[in-house]
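As a plain string of letters, each chain reads:
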Amino acid sequence: MNSPLIQLLVLAGIAVFLILRLRGVLGTREGFEKPTVSRPDPERRSKPEFDVIEGGPDLDITDHVDESSAAAKALAAMKRVDPSFSVGEFLGGARGAYEMILMAFEKGDLESIQSFISEDVYEAFAGVVEDRKQKGLTIEANFIGISDMTLAHAEFDEATKEGDVSVRFKSEMTSVVRDNAGDIIEGSDKEIKRQKDTWTFSRRMNSGDPNWQLIATGE
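Participant: Talk me through the sheet that holds strand β4 (residues 213–218); I want residue IDs and the actual numbers.
Facilitator: If you trace the four strands from one edge of the open sheet to the other, you get β1-β2-β3-β4, paired in antiparallel fashion. In this open sheet, the two edge strands, each paired with only one partner strand, are β1 (138–157) and β4. Here the strands of the sheet are splayed against their neighbours by 25° on average, with no regard to which way each runs. As paired elements, strand β2 (residues 162–178) and strand β3 (residues 184–204) share 16 bridges and run antiparallel to each other.

Below is the structure:
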């Protein structure tokens, strides 16, 4: 057998060997190759965030009061009359109203908040402001913030469609009382004053007016 033929047979043998090795490493692909699909994780599917709940509790209510409480039933009744009512949005508005009304009262500027408070609350505030004026007292107050706020109670009157919601606030501020001469007779601008208030807001739920009014204050 001549030399060129031997070389050709050796090269052919090497080629066949390499093809067999490659098939063993890479495998073969025939026709359409389906994309890889991951198997669902049974543990992930069993987690609450993957469950679809229909007709469950209203989290907008149960995030703030117990599901079986009278307050929860009252809030649900308010929502049936006014589907746009949101407890979370109400509490956000109550937070802003608390600071606005409280600071206006401290400064004696009741005109700016008259539309946000009931007549009874206005008269009570006005009496205190007038008493300060007669005594020549002025108040310098600085609101620091609300440290805690909770929905304390809720009531709904089916006859009048009026909803009342009481909110408990814990706030911090500095307050200084000065006399006619400008001397400090009470408080300190460096000492933080902590106070607790429970305010009740009211609104007729079938009214086109979305604003709530402060109808009562207490501790």
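Participant: So what about the layout of surface pockets? Which residues, and what values?
Facilitator: Roughly 630 Å³ of internal volume is contained in the largest pocket. Lining the largest pocket are 28 residues, and of these Phe105, Glu106, Arg132, Lys193 and Gln195 sit closest to its centre. Looking at the lining of the largest pocket, the element that brings in the most residues is β3, giving ten residues. Within the lining of the largest pocket, the residues separate by chemical class into 13 nonpolar, five polar and ten charged. Around the second largest pocket sit 16 residues that line it, and Glu89, Phe90, Pro210, Asn211 and Trp212 are the ones nearest its centre. Listed by contribution, the elements that provide at least two residues to the lining of the second largest pocket are α5 (87–107) and β3. The dominant element in the lining of the second largest pocket, judged by the number of residues it contributes, is α5, at six residues. Its residues assigned to classes, the lining of the second largest pocket shows nine nonpolar, four polar and three charged.

Participant: I'd like a description of helix α4 (residues 70–81), backed by residues and values.
Facilitator: Structural remark: α-helix, 3.6 residues per turn; residues separated by three or four positions point the same way. Between its terminal C-alpha atoms α4 stretches 17 Å, which fits the 16 Å expected from twelve residues at 1.5 Å a residue. For α4, the full list of buried residues reads Ala71, Ala72, Ala74, Leu75, Ala77, Met78 and Lys79. The inward-facing, buried residues of α4 abut α3 (59–62), α5, β1 and β2.

Participant: Explain unusual backbone geometry to me, using residue names and the numbers behind them.
Facilitator: Within the chain, lysine 161 stands out as a residue other than glycine whose phi angle is a positive 60°. With respect to the helices, strands and loops of the structure, lysine 161 is situated in the loop between β1 and β2. Of the residues examined, lysine 161 reaches a relative accessible area of 24% and is grouped as partly exposed.

Definitions and limits used
- Residues numbered from 1 in each chain as written.
- Predicted model: local features only at pLDDT ≥ 70, side-chain atom pairs only at ≥ 80, totals over all residues.
- Heavy atoms only, no water.
- Pairing = 2+ DSSP bridges.
- Helix = DSSP H or I, 4+ residues; strand = E, 2+ residues; numbered from the N terminus.
- Axes fitted to C-alpha atoms, helices over the stretch in contact; angles between N-to-C directions.
- 1 Å grid on protein atoms, 1.4 Å probe; cavity = no way out; pocket = protein on both sides within 12 Å on 5 of 7 lines; lining within 4 Å.
- Points joined across faces, edges and corners; volume = space filled by probe spheres on them.
- Nonpolar A, V, L, I, M, F, W, Y, C, P; charged D, E, K, R; others polar.
- Expected span 1.5 Å × (residues − 1).
- Buried < 20%, exposed > 50% of the residue type's maximum accessible area, 1.4 Å probe, protein only.
- Contact = heavy atoms within 4.5 Å.

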